[in-house]
Amino acid sequence: MNSITKSLLQSIKPGQAAWLRSNSTRSGKLCLPKLVLGIETSCDDTGAAVVDDAGNILGEALHCQKEVHLKAGGIIPLVAQQLHRENIEQIVKEALSISGVSVNELAAIATTVKPGLALSLGVGLEYSLKLVNKYKKPFIPIHHMEAHALTIRLTNQVEFPFLVLLLSGGHCILAVAQGVSDFLLLGQSIDIAPGDMLDKVARRLSLSKHPECHSMAGGKAIEHLAQTGNRQHYTFRVPMQQYRNCDFSFSGLQNLVNKVIIQKEKEEGLQEGELLSCVKDIAAAAQHAVAVHIVKRTYRAMLFCIKHSILSPKNATLVVSGGVASNQYIRKGLQILADANGFAFLCPPPRLCTDNGVMIAWNGIERLRAGLGVLHCTDGIRYEPNAPLGCDISKRVEEDSIKVPRLKMKF
Ligand code: KG4
Ligand code: ZN
């Protein structure tokens, strides 16, 4: 073990923060609850919410651009920016008015500043800074993935540390949450995210033309069709089996699926854009390969964390979030894995798994209470399209080369 990895492992200690709600300032009679407005514009959802320091969601509003992007065949950043611009003021006003809270009553404004689409992040940041400067409020810049990871502490009583798996259209991350802004990055996708892959496969299969899938997100359409498909009609090789690390890869799998689609189109005498008769079977087999890949990498992460006492086998928890975490098939695989290893398995409700303003406001509350990154001067604050989460120990994980036992699981 080299000195870098030694010092990395020495720094791995459980976060000291206990469950926040138990120490709520609301217990003091004269203490008014602290309120944070959260603003999210990192991708294709304009979200805002007001959350108090006891974890009550006072009001929230969301404008979803998915239908527009679905028709365009993918997110066009300039279109996303324009839609954020058109909606942000209304969404923030709506969240505040449902909450019955004025900007003056807020303890702080929290906004996603990283990572995400530059043009989208810019809209939220610019709007937030105007509010912050006008009302002289503290500003809390938020890391979008940190917010996804901490959402579970709003809905469930979860203490640090816990293992967290974030699966979305833009990200695929395995990390240990040790504290509010203290993460160990165990692995991530080396190419595209699972949601991106499923969206691309859905598009290549023209699922938006399928009568059962009208206006469903790509991943959702795959899940829906897979329910009545036979995954055993096709076998897609699970990615990266020769690499004993916690990284992910989905673009090779996407190519394998594409090859089968092209072959089937030839066999059925169809052009690209026409619906194959076997879409359900292809959807089921692709979803299965994605699920097995995710479960295997997570299994290795669990073994690594237990081996190095990063998590205690007595009360270890696996948290899964992000848009793809609403997939019941993938969830079932992870639930079986968690049960087999004595991990509690937790997932926020679907509406909090996907992008929203609540998770940003809650991250603001967590940071406010921990006194972390609350800015009283916003000079020089910038958005960052690319921003890693936490301390990257993925090389250390790879060095251990942990063999994952055969999974005896029936999905
Ligand atoms: O977290 P999210 O709302 O946005 C970001 O990407 O940040 O995730 C959206 C992704 C899309 O790729 C969508 O196809 C996927 O989540 N998704 C699903 C399901 N519902 C949404 N993937 C698989 N199964 C689902 N049920
Ligand atoms: Zn997200």
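Student: Mind laying out the overall build of the protein, listing which residues take part and the relevant values?
Tutor: Within the protein, the regular secondary structure consists of 14 helices and eleven strands. What you see for the protein is a C-alpha radius of gyration of 22 Å, in line with the 22 Å of a compact globule of 411 residues. Taking all 411 residues of the protein together, the buried fraction comes to 55%. In the protein, once contacts between residues fewer than 6 apart in sequence are set aside, the share between residues at least 24 apart is 75%. A total of about 18100 Å² of accessible surface is found on the protein, and carbon and sulfur atoms cover 51% of it. Positive and negative side-chain charges in the protein, numbering 45 and 36 respectively, have mean positions lying 6 Å apart.

Student: Please provide a residue-by-residue account of the sheet that holds strand E10 (residues 344-346), values included.
Tutor: The mixed open sheet is built from six strands, whose spatial order is E10-E9-E6-E7-E8-E11. Of all strands in the sheet, those with a lone pairing partner are E10 and strand E11 (391-392), marking the two edges. Across six bridges, strand E6 (residues 162-167) lies against strand E7 (residues 172-179) in antiparallel orientation. What sits directly across from Phe162, in E7, is Ala177. Running over the sheet, helix H10 (residues 279-307) touches E6, E7, strand E8 (182-188) and strand E9 (317-321) and is turned about 160° from E6. Here helix H11 (residues 328-340) sits on the sheet in contact with E6, E9 and E10, set at roughly 160° to E10.

Student: Go over a nonpolar patch on the surface, please, and point to the residues and values.
Tutor: On the surface, Val68, Ile76, Leu78, Val79 and Leu119 cluster together to form a nonpolar patch covering roughly 380 Å² of accessible area. Structurally, Val79 can be placed in helix H3 (residues 77-99).

Student: Help me get a handle on the sheet that holds strand E5 (residues 139-143), residues and values and all.
Tutor: The strand order across the open sheet formed by five strands is E3-E2-E1-E4-E5, and the pairing between neighbours is mixed. In this open sheet, the two strands that pair with only one neighbour each are strand E3 (57-64) and E5. Across this sheet, the average inter-strand angle for adjacent strands is 20°, counted without regard to direction. By the bridge criterion, five bridges tie strand E4 (residues 108-114) to E5 in an arrangement that is parallel. When the bridges of E5 are listed, Thr111 appears paired with Pro141. Those strands touched by H3 are strand E1 (35-40), strand E2 (45-52) and E3, and its axis lies near 20° from that of E2. On top of the sheet, helix H4 (residues 118-135) reaches E1, E4 and E5; it is set at about 155° to E4, its chief contact.

Student: Can you break down the coordination of the zinc ion (ligand 2) residue by residue, with the values?
Tutor: The protein atoms that coordinate the zinc ion (ligand 2) are His144 (NE2), His148 (NE2) and Asp355 (OD), at distances of 2.1 to 2.2 Å. Geometry at the zinc ion (ligand 2) is irregular, judged from its four donor atoms and the angles of 92 to 147° they form at the metal. For the zinc ion (ligand 2), the single-chain donor residues occur in sequence as H-x3-H-x206-D. Of this pair, His148 sits in helix H5 (residues 144-150) while Asp355 sits in the loop between helix H12 (350-353) and helix H13 (357-370); the two residues are 207 residues apart in sequence, bridging distant segments of the chain. Exposure remark for His148: the relative accessible area of 2% places this residue in the buried category. A relative accessible area of 14% places Asp355 in the buried class.

Student: Break down the packing of aromatic side chains for me, with residues and values.
Tutor: Tallying each qualifying case throughout the model produces two aromatic pairs. Look at Phe160 and Phe162: their rings are 5.7 Å apart centre to centre, the planes differ by 10°, and that puts the pair in the stacked class. Judged by its relative accessible area of 6%, Phe160 falls in the buried class. Of the residues examined, Phe162 reaches a relative accessible area of 0% and is grouped as buried. Relative to Phe250, the ring of Phe248 lies with its centre 6.3 Å away and its plane at 10°, an arrangement referred to as stacked. In this structure, Phe248 and Phe250 share a single accessibility class: buried.

Student: Residues and numbers for the site of ligand 1, please.
Tutor: Taken together, 19 residues lie near ligand 1, and Gly169, Asp199, Gly219, Glu223 and Gly323 sit nearest. Contact distances for ligand 1 include 2.9 Å between an oxygen atom and a backbone N or O atom of Gly323. One of the side-chain nitrogen or oxygen atoms of Asn327 is found 3.0 Å away from a nitrogen atom of ligand 1. Protein contact buries 93% of the 540 Å² of open area that ligand 1 shows by itself. Within the residue set of the shell around ligand 1, elements represented by two or more residues are helix H7 (194-204) and helix H8 (218-226). Ranked by residues supplied to the shell around ligand 1, first place goes to H8 with four residues. Its residues assigned to classes, the shell around ligand 1 comprises three nonpolar, eleven polar and five charged.

Definitions and cut-offs
- Residues numbered from 1 in each chain as written.
- Chains lettered and ligands numbered in written order.
- Predicted model: local features only at pLDDT ≥ 70, side-chain atom pairs only at ≥ 80, totals over all residues.
- Heavy atoms only, no water.
- Helix = DSSP H or I, 4+ residues; strand = E, 2+ residues; numbered from the N terminus.
- Rg over C-alpha atoms; globule rule 2.2 N^0.38 Å.
- Buried < 20%, exposed > 50% of the residue type's maximum accessible area, 1.4 Å probe, protein only.
- Contact = heavy atoms within 4.5 Å.
- Areas by Shrake-Rupley, 256 points an atom, 1.4 Å probe, with all protein chains shown as cover.
- Lys, Arg positive; Asp, Glu negative; His and termini not counted.
- Charge placed at Lys NZ, Arg CZ, Asp CG, Glu CD.
- Pairing = 2+ DSSP bridges.
- Axes fitted to C-alpha atoms, helices over the stretch in contact; angles between N-to-C directions.
- Patch = residues over 30% accessible without salt bridge, like charges linked within 9 Å, V, L, I, M, F, W, Y side chains within 5 Å.
- Salt bridge = Lys/Arg side-chain N within 4 Å of Asp/Glu carboxyl O.
- Donors = N, O, S within 2.8 Å, 3.2 Å for Na, K, Ca; no water.
- Tetrahedral: all angles 85-135°; square planar, octahedral: opposite > 155°, others 65-115°.
- Phe/Tyr/Trp six-rings, centres within 6.5 Å; stacked < 30°, edge-to-face > 60°.
- Near = heavy atom within 4 Å.
- Polar contact = N/O pair within 3.5 Å; in protein donor to acceptor, adjacent residues only side chain to side chain.
- Nonpolar A, V, L, I, M, F, W, Y, C, P; charged D, E, K, R; others polar.

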